[in-house]
Amino acid sequence: MRPFQYIAILFVVLLGIITYLYFRGIIGFVWLPVFCVLYVTLLYFGVTQIQWNFYISSYNKGNNKHFIALTFDDGPNTETSAILDVLRQEQVKAAFFCIGKHIEQDQALVLRMYDEGHVVGNHSYYHSSGFDWMSSKRMLAEIEKCNSLIRKITGRQPHMFRPPYGITNPNLSRAVKRSGMASIGWSLRSFDTVARDGEQLKNRIINKLSGGDIILLHDSVPLTREILTDLIRQARKKGFTFVRIDQLLDVPAYA
Ligand SMILES: [Zn+2]
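Here's a quick rundown of the structure. This structure is a prediction, so every number in the text was calculated from the model and none was measured.

Turning our attention to the packing of helix 1 (residues 3–23) against helix 2 (residues 31–48). At a closest axis distance of 10 Å, the pairing of helix 1 and helix 2 adopts a crossing angle of 170 degrees. Here helix 1 lies roughly antiparallel to helix 2, going by the angle between them. Contact with helix 1, carried on its side by Phe4, Ile7, Phe11, Leu14, Leu15, Ile18, Thr19 and Tyr22, involves Trp31, Leu32, Phe35, Tyr39, Leu42 and Gly46 of helix 2 and no other residues of that element. Grouping the amino acids of the contact of helix 1 with helix 2 by side-chain chemistry returns twelve nonpolar, two polar and no charged.

A pair of packed helices can be characterised by two numbers: the angle between their axes and the separation between those axes. At their nearest, the axes of helix 5 (residues 107–115) and helix 6 (residues 136–154) sit 9 Å apart, and the two run at 70 degrees to each other. The angle between helix 5 and helix 6 places the two elements in the roughly perpendicular class. Where helix 5 crosses over helix 6, the two elements pack in a sense that is right-handed. Across the interface between the two elements, Gln107, Val110, Leu111 and Tyr114 from helix 5 touch Ile150, Ile153 and Thr154 from helix 6. Residues that form the contact of helix 5 with helix 6 fall into these classes: five nonpolar, two polar and no charged.

The rules we used
Residues numbered from 1 in each chain as written. Predicted model: local features only at pLDDT ≥ 70, side-chain atom pairs only at ≥ 80, totals over all residues. Axes fitted to C-alpha atoms, helices over the stretch in contact; angles between N-to-C directions. Helix = DSSP H or I, 4+ residues; strand = E, 2+ residues; numbered from the N terminus. Parallel < 35°, antiparallel > 145°, perpendicular 65-115°, else oblique. Contact = placed C-beta atoms within 7 Å. Nonpolar A, V, L, I, M, F, W, Y, C, P; charged D, E, K, R; others polar. Left-handed = near helix turned anticlockwise from the far one by under 90°.

Here it is, written out as structure tokens:
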């Protein structure tokens, strides 16, 4: 059983006890809504915090104290080509979690990712805001559609899936299980999509870095491309070694 299932059972039991205590006149009515709000808040964090492994067990961090891994979401995108140039220059192998509909628009860029030794992972087909409201069947169809595109280009069957927005729920858990893929989270969220200042963004990542980190970045953000060279060099100065995510986690990148 996953944590959310234990919590659901606990919720029902505690709700029964609270209701009983209320009808016995031992506690006030206010405890009923307060308890329900607490439960909903807990579910909210369970859905939004992939590191909690609440609905689905994800790989969020490696064990090695010196190794770290770069991951880029939402590509292929406007900055992908320039980011690939930097990675080649600095000799870093990263992982790109690609969106199916973007792959269709720039297949050559996906082939370049693969040919240059990066992991090409699955980040759903549409990456729509409604993804998390879909049935597990529809989610699975999206995952498989994206996989077949990657397979067509690289000849490899992806094994790594990163949930869009890092949001998880029971339907996604079922879909990922049926796909046979590994769910990949992160341990260091850069918040690069909302960053305004490159120096601040880079320093925030560097200051938070710890061994085993999976760094979440986006190849849609110009600022990310701008700071990437310095980020890599400063992380190396701090004694970290960049490895590919499959090496960091000891999980195969392809099936
Ligand atoms: Zn994304």
